Every structure is written in C-alpha cells, then in structure tokens.
Amino acid sequence: MSTSAARTDVVRTAAIEPQLGRRPGSVVERFVYDDQIVRMFVLATMIWGLVATLAGVFIGVELAFPKANLGLEWFSFGRLRPLHTNAAIFAFAGNSIFAAIYYSTQRLCKTRMYSDVLSRLHFWGWQAIIVSAALTLPFGITQGKEYAELEWPIDLAIAVVWLGFFGVNFFGTLAVRRERHMYVALWFYIATIVTVTILHVFNNLSLPLAVVELVKTGHWPRGEEWMKSWPVYAGVQDAFMQWWYGHNAVAFFLTTPFLGLMYYFMPKAAERPVYSYRLSIVHFWSLVFIYIWAGPHHLHYTALPGWASSLGMVFSVMLWMPSWGGMINGLMTLRGAWHKVTSDPILKFFVVGVTFYGMSTFEGPMLSVKSVNSLSHYTDWTIAHVHGGALGWNGFLSFGMIYWLLPRLFQAPLYSKRLMSTHFYVATVGILLYVLAIYTAGITQGLMWRAFDESGRLQYPDFVETVVRLVPFYWIRVVGGLLYVVGIVMMGYNAFMTWRARPETYVEEVHEAPALEREYDDGPLPETRLTANIDAAKQWDSKYLQGWFHRVWERKPLKFTVWVVAAVATASLFEIIPTFLIRSNVPTIASVKPYTPLELVGRDIYVGEGCYNCHSQMIRPLWHETVRYGEYSKPGEFVYDHPFQWGSRRIGPDLAREGGRQSFDWHVRHLENPRNINGQSLMPTYAHLLTEKLDFESIQGRVDAMAMLGVPYGDAVKPGEAVKMARKQAMEIADTIVKQGGYADLGDKKVIALVAYLQRIGTDISKPADAAPAAPAAPATPAAEEPKKAEAGGAGGSVASTR
Amino acid sequence: MRLSEIMGRLDLAFWPQAALVIFLAVFASVVWRLYARTSREEMERAGRLPLEEEGVVGRTGTK
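S.K.: What is the right way to look at the overall build of chain A in this model?
M.R.: For chain A, the helix and strand inventory stands at 29 helices and five strands. When the 803 residues of chain A are sorted by exposure, 65% land in the buried category. For chain A, the share of sequence-separated contacts (at least 6 apart) that also reach a separation of at least 24 residues comes to 81%. Taken as a whole, chain A presents about 28600 Å² of accessible surface, with 65% of it coming from carbon and sulfur.

S.K.: Looking at this structure, how should I read the side chain of D155 of chain A?
M.R.: All names here are of chain A. Position of D155 relative to the elements: it lies in helix α5 (residues 152-175). Here D155 occupies a buried position and makes no salt bridge, while the nearest side chain of opposite charge, K145, is found at 9.0 Å. A distance of 3.4 Å separates polar atoms of two side chains, one belonging to D155 and the other to Q143. Residues in contact with D155, not counting those within four places in the same chain, are Q143, L150, H200 and N204.

S.K.: It is not clear to me how the packing of aromatic side chains should be interpreted in this structure. Could you clarify?
M.R.: Here a ring pair, both rings aromatic, is described through the centre-centre distance and the interplanar angle of the planes. Residues and elements named next belong to chain A. If you walk through the whole model with that rule in mind, you get 56 aromatic pairs over all chains. Look at F98 and W162: their rings are 5.9 Å apart centre to centre, the planes differ by 55°, and that puts the pair in the tilted class. Note that F98 is positioned in helix α3 (residues 77-108) and W162 in helix α5, a separation of 64 residues in sequence. With respect to burial, F98 and W162 carry one shared label: buried.

S.K.: Which parts of the structure should I look at to understand the packing of helix α15 (residues 380-410) of chain A against helix α18 (residues 471-500) of chain A?
M.R.: A packed helix pair is summarised by two numbers, namely the angle formed by the two axes and the spacing between the axes. Residue and element names in this part refer to chain A. Relative to each other, α15 and α18 sit at 10°, their axes nearing to 11 Å. One way to sum up the angle between α15 and α18 is to call them roughly parallel. Contacts from D380, I383, L391, G395, F396, F399, I402, Y403, L406 and F410 of α15 reach α18 at Y474, R477, Y484, I488, M491, N494, A495, T498 and W499. Here the residues of the contact of α15 with α18 are counted per class, giving 14 nonpolar, three polar and two charged.

S.K.: How should I be thinking about the environment of Q539 of chain A in this particular structure?
M.R.: When you line up the elements, Q539 of chain A lands in helix α19 (residues 535-545). A sequence separation of twelve residues divides Q539 of chain A from E527 of chain A, and the C-alpha atoms of the two residues are 9.3 Å apart.

S.K.: What should I look at first to understand the confidence of the model for chain B in this one?
M.R.: Low pLDDT marks stretches whose predicted atomic positions should not be read closely. Per-residue pLDDT for chain B has a mean of 73; in total, 68% of the residues score no lower than 70. Across chain B, the element-wise mean pLDDT spans from 64 in helix α1 (residues 3-9) of chain B up to 78 in helix α3 (residues 40-47) of chain B.

S.K.: Which parts of the structure should I look at to understand the packing of helix α8 (residues 235-253) of chain A against helix α9 (residues 256-270) of chain A?
M.R.: Residues and elements named next belong to chain A. Between α8 and α9, the least distance of the axes is 4 Å, while the angle of their chain directions is 15°. Here α9 runs roughly parallel to α8, going by the angle between their axes. Residue-level contacts link A251, F252 and F253 of α8 to T256, P257 and F258 of α9. Here the contact of α8 with α9 is built from residues that sort into five nonpolar, one polar and no charged.

S.K.: It is not clear to me how helix α22 (residues 597-608) of chain A should be interpreted in this structure. Could you clarify?
M.R.: Residues and elements named next belong to chain A. A rise of 1.5 Å per residue sets the reference length of α22, with its twelve residues, at 16 Å; its end C-alpha atoms lie 17 Å apart and thus fit the reference within 8%. Buried residues dominate α22, accounting for twelve of its twelve residues. Summarising the contacts, the buried residues of α22 are in contact with α3, β4 (229-231), α26 (699-708), α27 (721-739) and α28 (750-760). After α22 finishes, the residue G610 shows a positive phi value of roughly 70°.

S.K.: What is the right way to read the pairing of strand β5 (residues 506-514) of chain A from this model?
M.R.: Regular strands place their side chains on alternate faces of the sheet. Residues and elements named next belong to chain A. Most of β5 sits out of view: seven of its nine residues are buried. Pairing geometry for strand β2 (residues 28-31) and β5, over four bridges, is antiparallel. Bridging from a neighbouring strand, F31 pairs with H511 of β5.

S.K.: How do you make sense of the environment of T361 of chain A when you look at a structure like this?
M.R.: Residue and element names in this part refer to chain A. Structurally, T361 is set in helix α13 (residues 345-368). Since its relative accessible area comes to 11%, T361 is described here as buried. Put simply, T361 and W320 are 41 residues apart on the chain and 6.0 Å apart in space, counted from C-alpha to C-alpha. The residues touching T361, leaving out its near neighbours within four places in the chain, are W320, S323 and W324.

S.K.: Hey, could you run me through the side chain of T85 of chain A in this one?
M.R.: By the element assignment, T85 of chain A lies in helix α3. Polar contacts involving the side chain of T85 of chain A include one to the main-chain carbonyl oxygen of P82 of chain A, which spans 3.0 Å.

S.K.: When you look at a nonpolar patch on the surface in this model, what are you seeing that I'm missing?
M.R.: Residue and element names in this part refer to chain A. On the surface, L70, L72, W74, F75 and F139 cluster together to form a nonpolar patch covering roughly 490 Å² of accessible area. With respect to the helices and strands, the residue L72 is situated in the loop between α2 (36-64) and α3. What makes L72 partly exposed here is its relative accessible area of 31%.

S.K.: Teacher, can you tell me more about the nonpolar core here?
M.R.: Burial of nonpolar side chains together is a common tendency in soluble globular proteins. All names here are of chain A. W126, F265 and W285 are the most contacted members of the largest nonpolar core, which has 183 residues in total. Examining the composition of this core, we find that 16 residues originate from one element, α3, more than from any other. Excluding its chain neighbours within four sequence positions, the residues that come into contact with F265 are A100, Y103, F350, M401, W404 and L405. The next biggest cluster of nonpolar side chains, apart from the first, holds 48 residues, and it includes V601, A705, L746 and L754.

S.K.: Help me understand unusual backbone geometry in this model?
M.R.: For residues other than glycine, phi is negative in most cases, and the peptide bonds are mostly trans. Residues and elements named next belong to chain A. Residue P643 follows H642 across a cis peptide bond; omega there is -5°. Positive phi is not limited to glycine here, since Y378 has a value of about 70°. In this structure, Y378 sits in the loop between α14 (370-376) and α15. Despite not being glycine, Q411 shows a phi value in the positive range, around 50°. Among the secondary structure elements, Q411 is positioned in the loop between α15 and α16 (417-449). Take Q411: its relative accessible area is 27%, and that puts it in the partly exposed class.

About the thresholds
Residues numbered from 1 in each chain as written. Chains lettered and ligands numbered in written order. Predicted model: local features only at pLDDT ≥ 70, side-chain atom pairs only at ≥ 80, totals over all residues. Heavy atoms only, no water. Helix = DSSP H or I, 4+ residues; strand = E, 2+ residues; numbered from the N terminus. Buried < 20%, exposed > 50% of the residue type's maximum accessible area, 1.4 Å probe, protein only. Contact = heavy atoms within 4.5 Å. Areas by Shrake-Rupley, 256 points an atom, 1.4 Å probe, with all protein chains shown as cover. Lys, Arg positive; Asp, Glu negative; His and termini not counted. Salt bridge = Lys/Arg side-chain N within 4 Å of Asp/Glu carboxyl O. Polar contact = N/O pair within 3.5 Å; in protein donor to acceptor, adjacent residues only side chain to side chain. Phe/Tyr/Trp six-rings, centres within 6.5 Å; stacked < 30°, edge-to-face > 60°. Axes fitted to C-alpha atoms, helices over the stretch in contact; angles between N-to-C directions. Parallel < 35°, antiparallel > 145°, perpendicular 65-115°, else oblique. Nonpolar A, V, L, I, M, F, W, Y, C, P; charged D, E, K, R; others polar. pLDDT = per-residue confidence, 0-100. Expected span 1.5 Å × (residues − 1). Pairing = 2+ DSSP bridges. Patch = residues over 30% accessible without salt bridge, like charges linked within 9 Å, V, L, I, M, F, W, Y side chains within 5 Å. Core = buried A, V, L, I, M, F, W, Y, C linked by side-chain atoms within 4.5 Å.

This is the structure we're talking about:
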C-alpha cells in the first residue's frame, strides 16, 4: 500500500510553465490516481447488487408463496425485508457512489486521494458493516425503524467509517486539490457526506440495554443484550425523526451522490459538457434548501400534527420543478449527441436512468399531496414508486458508470458490447414488469379498502380478500425482478471476461499540475450598478447581487460545507423543535399507561420479528379505516412507544386496535400457523415462539431502560420486581389459554409475551383514567367468533368511529 | 419551571411558517442572482472541468 506522498513528485521546472500558463516559480507536482480503490468498489457494487436483488426476489416469492421460507424464522419476510432494503441502499447503491466519488474526485481535484490507508479502511470497514447487517437482521436483531434497523454497535461503526474514514479522506482530498474551482459534482458529494452524518446520528440516538445493565441493574450483559437498544424518542417524535431521516436518506444517499455521478459521468460518456452549469447550481441548492423539509409527507393523516404534514406536502410539491430542471439538464447534456444513444448502451443506461429520476421526482410530489396519499399510503403504490427510483435511477446510473469504467479500469476493451446491450433491454423490461404490476396491485388494494356497497358497508370487510387479489401481480413482480437479476449476472460475466483480458501490469498515467498557492486572487469585484447610493449598498450590489460571493465559495470547501450544514441544520431545527415542544401536538391521555413488563418484552419480540414490515399501527381518520379497524389513532396513545411502530405498508391488517378482538388462544394458534385460522393468509408461521423460552431475566433491564427514558414505571423498577410481575402475568395468560381449550405449558414461552402485547395494543383509550396498568387487557373469551373477522383484524360490524 | 416547560408554553407554531418563507426567499434569491448575474464564459469554463484531462506527462506501471 502506498501513500499519496510517495506517489507525488515535486518538480520545479521553469521550462514547462509558460506553456501551461503558470507563473514562473510556481511548484509543479506529478501524481498518479488511485484506480485500485475504484476497482474494489466497482467489484463490491456488482456483488452486493446481486445479493440485494436476489434477496428482493426471494421475499417477493414469499409474498406470493408463503411456504417459500421453509418455515424457518430466519427467512421470514419480516426479518429479510430489512436485509433486502439495507443491501439495496447501503451495499449496492453505497458501493456504487463510493466508486463514483473515488474516481471523479481525484480527477476533478487533480490529486490522488488524500490517504490510501483511509481509502482501504473505508472500503473494508463498509464491507464489514454490510456483513454485520447480514449476520444480525435475520436473527431479529433490529432497532425496528425502516432503513435504520441496524443496532447501535453497527451504528457506531457506520459513523466511524462514514465520517472518520470516508469523510476525512474526502475533505483531505479537497484540501490538497490542485484545481481551484470545485466542480458541481463535488458539491453534491459534500452535501451527501455532511447531511448523512447528521441524519444518521440524530435518528439513531438510543439507549443500549447493555449500558442499562452495567449502570443500573449491575449485571454484566449477556450475549444478545449487547445488541439491543431503544430510541430515546417515543411515539410521534420518534415517527417524525424517523421520516425526517428516512426521507432525507433518499435525498442525500440515493439522490445527491447520484446527481454528482450524473454530472460527472454523463458529460464524460457523451463527451460534452453539462447542458447548463447554472441549472446544476440551482438543482444543488434546491435539494439543500427544500428537500430537507419534505419528510413529513410520509406521515399524512397519522397522529403527526397537521401543520407538519402540510408543510411536508408544500415543500414536496415545490421540489418537482427543480428536480425536473436536473433531469432536463442531464438529458440535454446529450444535445447534438443523440445519434450516439442509439449505438451506445452506456448512454442508453444513462438516458433511461435519468428518465426514471424524472418520473420518480414527479410521482413523489404527487404522492405527497394529501388526497392522493390517502389512497396510496400503506399500499404497493409506494413500493412501485421506490423501485422505479432504485432500479431505474440508482441501478441504471450505476450500470452505465460501471460499463464506462470497466475498459478504463482494466485497460482492456469491454468483453462484449452486445451483452451490455442485452443487459440494458432485459433490465428495462424487468423494471417495467415490476413497476406496472405493483402499481396495479397498489391501486387495486387501495380502492378495495375504501369500497362501500349500496348498503353502506365495506365491500371487502375481510382484509385477506384485498391481499389474495394481489397474488397474480406478485408473481409478475417476481418475473420482473428475476429479469433484473439476470441482467446483473450478465454484467458480472462481462466484467469478469474484461478483467481476464487485463494487461500484466496496469499502466498508470503520471499527471502534472501546479499546487494551489495559499494566496490567490478571487478576481475584481464587479462594478456596482448603483450611482447615487451609499458605499455599503454599492458593496452589497457588487458582492452579493452580482453573484461574486458564490464564485468565492466554490473555491472554499470549508466555507461551502459550513453553509450547507447551516442550511440543513436550520431547516431541520425549525421543523423538529416545534414538534418536540408544542404541547398541544401530543395531548396526553390519562388512561394511557406504560406497558406491563411482560407486554414490554412482547413488544420487543414484535419489533424483532419485523411485524411492522406488514402491519401498521395507525388508523387514519378516514371513514373506511375507522369502519374497518375502529377509533382513529391519537398522538397521546404512543407516548410510551420506543420505537414507534406505525409501519408504512399493510400487507396484513392494521393492528392499532387489535387488543381484545380475539381470544388469547386464537392468537397462539394464529401465530403457530396463520393458515390454520385462515387458509388464504400470506403471513409466515411463528411456531418457534411456542417453543422458545422467554428470557425473563432480561426483563428488569428492559423496564429500567424505559424508566431511564422517562416512562413512569413506579415500583416495577425495584430490583427483581419487574420479573416477578412478568411471571405472574404470564402464568395468568397461560391459564386463560388452557381454559380456552389451548395448549398447556406456554407460561415460559416467548409467545405468551407477544400475545400479551398484542392484546394490549390500542385498548388503553377506552379504559377509565385510573385503571391499573397491569390489569388484564383482553377479555378471557373471544370478542368475535365469526370466521370472517379472523384475518381482517376487525370487520364491517365493529363500527367504533367517533370522528 | 423547567426549560422544556417554558419552551412548551411559547407558541412555536409560527416557526415552520416563518422558515418556509425564509427558505423560499433565500432559494429564490440564489436562483435570481445566478441567472441574472453570472458570466456565460465562467459557467462554460466550470462546465468543462470533467472533460479536462490535461497534464499527462508520462506513464508508470503497477501490478
């Protein structure tokens, strides 16, 4: 491994200076770029691209054919869906942007990366994080927040690798650059690095169980206790932070770095400069100023305050035009070169990728309009939207870049242009099959949920009816996904064969450029156009109104970064502080009490199994929802929910009023095998919960943790008290199950805790204010016997709305 | 009285609205200045940066 210093020779040669137009005496330096690190990231992109899409196809098959998980809990949809999303975002797209950044930054800055050691630490650290995700998520080790599932030790590692290795290396490179002007792609990279750091840190603030054990309970944490934590935020605030993060992760992990990629690699591939550099600057600032506000559109009609939701909608709609400005800028870069698109598959990938960007950035604002969202939310429409973006925009831009890089990195002609072209067509057909089928599925289900018959009853009261209808579309999705996977395999083969034809020794070009001098001239201030004003006004006109300041910024990475951080942080604070501090946002409800110790550990099982991936816990104040599920959800109901579990997709019914609807025994049998209760159910089996023992000993730590986060647990925090309470409640429930004709000896099994939690959800609101928190929350007998309600989680008969 | 209680009693609901106006105004001013007040040559020079691969003076090899 070599360092940049070792590969840089300092030369003072007066002879070459005049022809390069430099002042005599300036230091001219020689350097070579580090392309090995780019090769490594390109390889990782292809491998993880295959893993992520294969995982996607697998869970897609599970939705159409639930037995595909072979009855193994590690393969259940709830556990593997986070693995798929994390692999697609952080492994596939992540490695792709790193390849793009390492290749383009060196060339735009005319310097080797600041440190080869940091480059390698970044590469291997990131791969280790991805592997650790694969080793934790299938085992139910999760924080239970979408795209932020990884537990706290991995979160810490991400922070170190992202900022400590990648960030320092990138900013170090900017510091030693030899090109004064920072090209717009570099701005997008700067925004990516600083904003993702802010998002990651603040959304993942959590209290680890291990810390509680060490500090409060006094036990040395056991194995899995090292890997459990709870967010410091609860309920509405947690939801708000999560979607502030979730939406901006899309903005600053899947959009800004890919725009940097587009602004560098598209001009390279088209051999033309970007259509409008001005437009690219507008594009950049629009993302920084506007995107950061749009997160609350993920929470329309939920218990989030209405002002936040409306604000998110307004900013989302505003995003449409600048995003399309960016799309047009990308496409118009091909002006005068469209004839090349017909013969060059690389440009085809770029054109279709950028077109998908345009489609996604039109669809996003449309979905953020409340009335559209009331239909689309919780349906597959959202899934189609994100796959248009991920497969079309992120995927195709990555493929275009990789094909452009392969001959340059391996210094051999691409093995097969024809195979590359086939990849393009196969993948395009794959995406279209995927998104068209899933759009149809989403709109179908959304319309079925809200359909009433002539008599004013729900037309499809049984939830499972609305799921079974989607199965044919799910199979089409599987075919589309498979085609996309086949395309990646083709690319891998093409890359492998190109690599085989590489020379014995890679040739490295030696470049030469003068070092930047500390002192430099920003050029004269423009002439003021004011004549009769005071000097200060003239100064203002010259400096600010005529854009001079922006040119200065573009040469000052530190100042530029500070302003980006200031814009992002200010926007975030203006949005977050009122959410946390306006009291009327979360009116407290006197009857809402903390979960009992047993319910609390049951809730952790619910989170660990990833139930939120299919079940929401948020009834919107829409007529068809209150008819189907019951009283709409109130902000005050979630004040003890660390983390919130509102969900974003209903593959199964909402569970916000699940408590007390069914008997304890019904839940046990349903978890053991949902198809015993409802033959059409797509839910995985959870039979393992009936045999695995509940870890009562960890319960005290869990209760202590909640108490440390401000949940009023009273006597339950006394040493051993929580465990005693949990055992007592578990035995009571086990006895009830036996009385209901169910299995015996479940009192020490995990299923008891989960059922205790399920029976508690959403029941407090109908209790008197002074009800004891540990009171049995559910009736001993089934609340509803009719089989229709089995899968529906509440059918047409249970109207409980009081809108 | 705790700080959070004091803050809680302030009516902060106008914050986001005020911020909306401020952010939109700043963004609009960036756009206006950019289009009205930057030189064409400068923009073209910046746009050509990725296409410049000047200064290649030799070659070396690596395994």
